[in-house]
Amino acid sequence: MSSNSNDQSELTRRKYVTCGGTVLAGGLLSGCTGSSGSDPSDSEAATETATTTATESKPAETAATDKPYRVTVEPVGEVSFETVPQTWVAENASWADMGVALGLTKPSAVVLTGEYRTWHYEDVPGLSPSKEDMVSLWQDGISKELLLEIDAGVHFIDPNYMVNLIPNWDRSDVEEMHERVGPFCGNTSFSTYSWHEDYPYYSLYEATEKVAAVFQRQDRFRALSSLHEGFLDRLQERLPPEDQRPEIALLSPGSTEPETFYPYRLGDRTAYKHWRDLGVSDALAGSEIQSFTSDRGTIDYEPLLEIDPEVLLLYTDTHLQDTAFEDTYRSFLQDHDTASQLTAVQNGAVYPAGGMYQGPIINLSKTERAAKQLFPDEFDEEETLYDRQRIADIRAGDI
């Protein structure tokens, strides 16, 4: 992979963005070990089309600061900014949604645009689901030339993610882009990794607070956090007792006519926040089945029949409306000789699980949908459980 290091037209950003001396003295990736892999992500590669447009506020419009400031984001440490970044890149839809929830325009790029399921934005006033002009960094790998072309002021990408999961990247490549373009100061927290042992995982709102600090939008963060807390309080008051909540099995079908599945264990990371907040339990707990994120394994119907989950939740390659999901997956399972014996299939308790990534807005949407899926006797399908206009107001700075 070419570094393009002899191109003198590409000026370093050290005049504008610098790391704290302690971090640089010890090496940008002092906690990073391991070699590059071949998988850019642990979730499905969705392909969606969104065409509507709307006006969104930009970082510079309401987040100006006239003096340098510092933000600490593990594993990089302290990052100093001379001014608020004007452009940004996100590792995935989790970090992208954090910025959008704070009123930013969508990032210039994410690793895979197909995994950024912006349909969650469709009913938020003034917020477009369009991903027009957003760049997908993953193009048979990620090139430094593309990052130089995008020229983002900050990358919410875990540097250890780049070194361990992106082919042909090592510590020196990340350090070069960190210096020539903008800092890499993300933290991969949607799943669990062996290379993440030496620094903490951030919760969804801990990570959002970091984004707010970088863009100097702490007031919006506090308003979002308050909205989220009130939403959860109201929701959880209506949940049935714990012993009446279902056990769920999170699976990714091997195909649209699946004979095998990639299993996911209900974990502590941000990908599973909405399920944890609803107080459901993992049907695979106590079994020998490991999460796909750990061993890349698959299971067939035999262990599923032994466990017989109350609810099946399927991660699918694309966002499917209910009728399309019915035609594609429920119908197949109901007609399958073995799958049709599962309690969840017989009861019609087979639902789309959505994507793996979520920031504040996507989390609200996913939690609302999950509550209606799992507790239809309590939450009506047409009921609105969180205030879309309030999200729009917060994004606009109307705190």
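One can find the structure itself at the top, above this paragraph.
Everything quoted here is computed from the prediction, not taken from an experiment. (Residues numbered from 1 in each chain as written. Predicted model: local features only at pLDDT ≥ 70, side-chain atom pairs only at ≥ 80, totals over all residues. Heavy atoms only, no water.)

Trainee: Just to check I follow, could you spell out helix H15 (residues 388–395) for this structure?
Mentor: Since the α-helix packs 3.6 residues into each turn, any two residues three or four apart lie on the same face. Among the residues making up H15, those that are buried are Arg-388, Ile-391, Ala-392, Ile-394 and Arg-395. The arc enclosing the buried residues of H15, seen along the axis, measures out at 165°, which places them on a common side. Check the buried side of H15 and you find it contacts helix H3 (93–101), helix H8 (218–237) and helix H14 (360–374). If you check the start of H15, you find a side-chain oxygen 3.0 Å away from the backbone N of Gln-389, and it comes from Asp-387. The positive-phi residue at the C-terminal boundary of H15 is Gly-397, with phi of around 90°. (Buried < 20%, exposed > 50% of the residue type's maximum accessible area, 1.4 Å probe, protein only. Helix = DSSP H or I, 4+ residues; strand = E, 2+ residues; numbered from the N terminus. Arc of directions from axis to C-beta. Contact = heavy atoms within 4.5 Å. Polar contact = N/O pair within 3.5 Å; in protein donor to acceptor, adjacent residues only side chain to side chain.)

Trainee: Before we go on, may I ask you to explain empty space enclosed by the protein in this structure?
Mentor: Where empty space is left becomes clear once a probe the size of a water molecule has been rolled over the atoms. Summed over the entire model, instances satisfying the criterion amount to 5 cavities of 30 Å³ or more. For the largest cavity, the calculated volume is near 60 Å³. Forming the boundary of the largest cavity are Asn-92, Ser-94, Trp-95, Met-98, Asn-187, Thr-188, Ser-189, Phe-190, Ala-207 and Thr-270. If you tally residues by element for the lining of the largest cavity, the top one is H3, at 3 residues. (1 Å grid on protein atoms, 1.4 Å probe; cavity = no way out; pocket = protein on both sides within 12 Å on 5 of 7 lines; lining within 4 Å. Points joined across faces, edges and corners; volume = space filled by probe spheres on them.)

Trainee: I keep staring at the side chain of His-178 and nothing clicks. Help me out?
Mentor: Locating His-178 in the fold gives a position in helix H6 (residues 171–180). Residue classification places His-178 among the buried positions, given a relative accessible area of 5%.

Trainee: What is the right way to look at the packing of aromatic side chains in this model?
Mentor: Applying the stated criterion across every chain yields a total of 16 aromatic pairs. Residues Phe-190 and Tyr-193 carry aromatic rings whose centres are separated by 6.4 Å and whose planes lie at 75° to one another, so their mutual orientation is edge-to-face. Tyr-193 sits in the buried class, given a relative accessible area of 9%. Both rings, one in Phe-325 and one in Tyr-329, keep their centres 5.4 Å apart while their planes meet at 40°; by these two values the pair is tilted. Here Phe-325 and its partner Tyr-329 are both found in helix H12 (residues 322–335), 4 residues apart, which amounts to about one turn of the helix. Side by side, Phe-325 and Tyr-329 carry an identical accessibility label, which is buried. (Phe/Tyr/Trp six-rings, centres within 6.5 Å; stacked < 30°, edge-to-face > 60°.)

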